[in-house]
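Each chain, letter by letter, is given below.
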Amino acid sequence: MHSFPRTVAGAAGAAGAAWDADAMTVQSTSPRAGGYARGRATREEILDAAMRLFGDVGYHTTSLRDVAARVGISHPGLLHHFPTKAALLEAVLQRRDEVDGKAFDDDVAASGDFLEALARLADRNAARPGIVELYATLSAEATSPAHPAHDYFRARYVRVLAQTTAAFELLAAEGRLRPGLDAPTAGRLSVAGMDGLQVQWLMAADAPEGRVDMARAIRALHASFLV
């Protein structure tokens, strides 16, 4: 599933960006401060490793020991930061929301165009296949109600649909939505288009020269909704 910002998908917490900002403000050279900074750095490394592993082999296949080995720390050392795999998954998703949220908000502010911001999001995603694979893998796994990310992705889709539909409602009020197409349907088609394009893009990993241009395709899709 494509990544959306706080204004669209809602941030589940102040994870990624806040950690970076906090780390930058640590000026003390005391041993305690140094240990605090190292703890922050280790947490970031754990999240990076988990993000890659969840994307490569899926949440269920990845163990906490796998993540610890990738980072080069002990299993108990990882548990000091994340006591359960579900807690680690939640932190990974929160971090991605925080990072993507700021970029998307900046695009909306710069262009004043929600749909263009979605196209720019698709363009950014093309430069980070690991993130695209992570969300595609986890969102597919999370269709099971037993998956720890099920509620997260279900709520995310509700928020994404609501915000995207609201954007099309504004266009409809301006007389710009194609006759015969209502805003809720346009919103669902937009979300489906973004998700489907990402799957097509991932399927062509072994032939990158033939990969779909996701940003161009989503712009064309949105243009077909408008007059």
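Going by the structure above, here's the rest.
Residues numbered from 1 in each chain as written. Predicted model: local features only at pLDDT ≥ 70, side-chain atom pairs only at ≥ 80, totals over all residues. Heavy atoms only, no water.

On to helix α9 (residues 183-203), then. The end-to-end C-alpha distance of α9, which contains 21 residues, comes to 30 Å, matching closely the 30 Å that a straight helix rising 1.5 Å per residue would cover. Considered for burial, the residues of α9 that qualify are Ala183, Ala186, Gly187, Ser190, Val191, Gly193, Met194, Asp195, Leu197, Gln198 and Trp201. Considering only its buried residues, α9 is in contact with α6 (114-125), α7 (129-141), α8 (150-173) and α10 (214-225). N-capping of α9 is provided by Asp182, with a side-chain oxygen placed 2.9 Å from the backbone N of Thr185. (Helix = DSSP H or I, 4+ residues; strand = E, 2+ residues; numbered from the N terminus. Expected span 1.5 Å × (residues − 1). Buried < 20%, exposed > 50% of the residue type's maximum accessible area, 1.4 Å probe, protein only. Contact = heavy atoms within 4.5 Å. Polar contact = N/O pair within 3.5 Å; in protein donor to acceptor, adjacent residues only side chain to side chain.)

Bringing α8 into the picture now. With 24 residues, α8 should reach 34 Å at 1.5 Å per residue; the first-to-last C-alpha distance of 34 Å fits that figure. Among the residues of α8, His150, Tyr152, Phe153, Arg156, Val160, Leu161, Thr164, Thr165, Ala167, Phe168 and Leu171 are the ones counted as buried. For α8, the elements touching its buried residues are α5 (85-111), α6, α7, α9 and α10. In the segment just after α8, Gly175 is the residue with positive phi, at about 75°.

Looking now at the pattern of salt bridges. Enumeration over the complete set of coordinates arrives at 11 salt bridges. Residue Arg128 pairs with Asp100 through a salt bridge whose shortest N-O separation is 2.7 Å. Taken together, the positions of Arg128 in the loop between α6 and α7 and Asp100 in helix α5 put the pair 28 residues apart, joining distant regions of the chain. Given the relative accessible area of 16%, Arg128 is considered buried. Among the residues examined, Asp100 registers a relative accessible area of 2% and is labelled buried. Two residues, Arg120 and Asp107, come together in a salt bridge whose shortest N-O distance is 3.8 Å. (Salt bridge = Lys/Arg side-chain N within 4 Å of Asp/Glu carboxyl O.)

This part is about the packing of aromatic side chains. Centre-to-centre distance and the angle between the planes together describe a pair of aromatic rings. Enumeration according to the criterion identifies five aromatic pairs in this entry. Ring geometry for Phe104 versus Phe114: centroids 5.6 Å apart, planes at 70°, classification edge-to-face. You can see Phe104 sitting in helix α5 and its partner Phe114 sitting in helix α6, a full 10 residues away along the chain. Consider the rings of Tyr135 and Phe153, whose centres lie 5.9 Å apart with planes at 80°: the pair is edge-to-face. With Tyr135 in helix α7 and Phe153 in helix α8, this pair connects stretches of sequence that are 18 residues apart. Accessibility expressed as a relative area gives 1% for Tyr135, which makes it buried. A relative accessible area of 3% means that Phe153 is categorised as buried. A connected cluster of aromatic rings, assembled from ring pairs, spans Tyr135, Tyr152 and Phe153. Geometry around Tyr59 places Lys85 over its ring, the cationic atom sitting 4.4 Å from the centre. The ring of Trp201 is capped by Arg211, whose NZ or CZ atom sits 3.7 Å from the centre of that ring. (Phe/Tyr/Trp six-rings, centres within 6.5 Å; stacked < 30°, edge-to-face > 60°. Lys NZ or Arg CZ within 6 Å of the ring centre and 35° of its normal.)

Relative orientation of the contacting elements α7 and α9 amounts to 120°, with a least axis distance of 10 Å. Looking at the two axes, α7 sits oblique to α9. Here α7 and α9 pass one another in a crossing that is left-handed. Side by side, α7 and α9 meet where Pro129, Val132, Glu133 and Ala136 of the first sit next to Gln198, Trp201 and Leu202 of the second. Here the residues of the contact of α7 with α9 sort into five nonpolar, one polar and one charged. (Axes fitted to C-alpha atoms, helices over the stretch in contact; angles between N-to-C directions. Parallel < 35°, antiparallel > 145°, perpendicular 65-115°, else oblique. Left-handed = near helix turned anticlockwise from the far one by under 90°. Nonpolar A, V, L, I, M, F, W, Y, C, P; charged D, E, K, R; others polar.)

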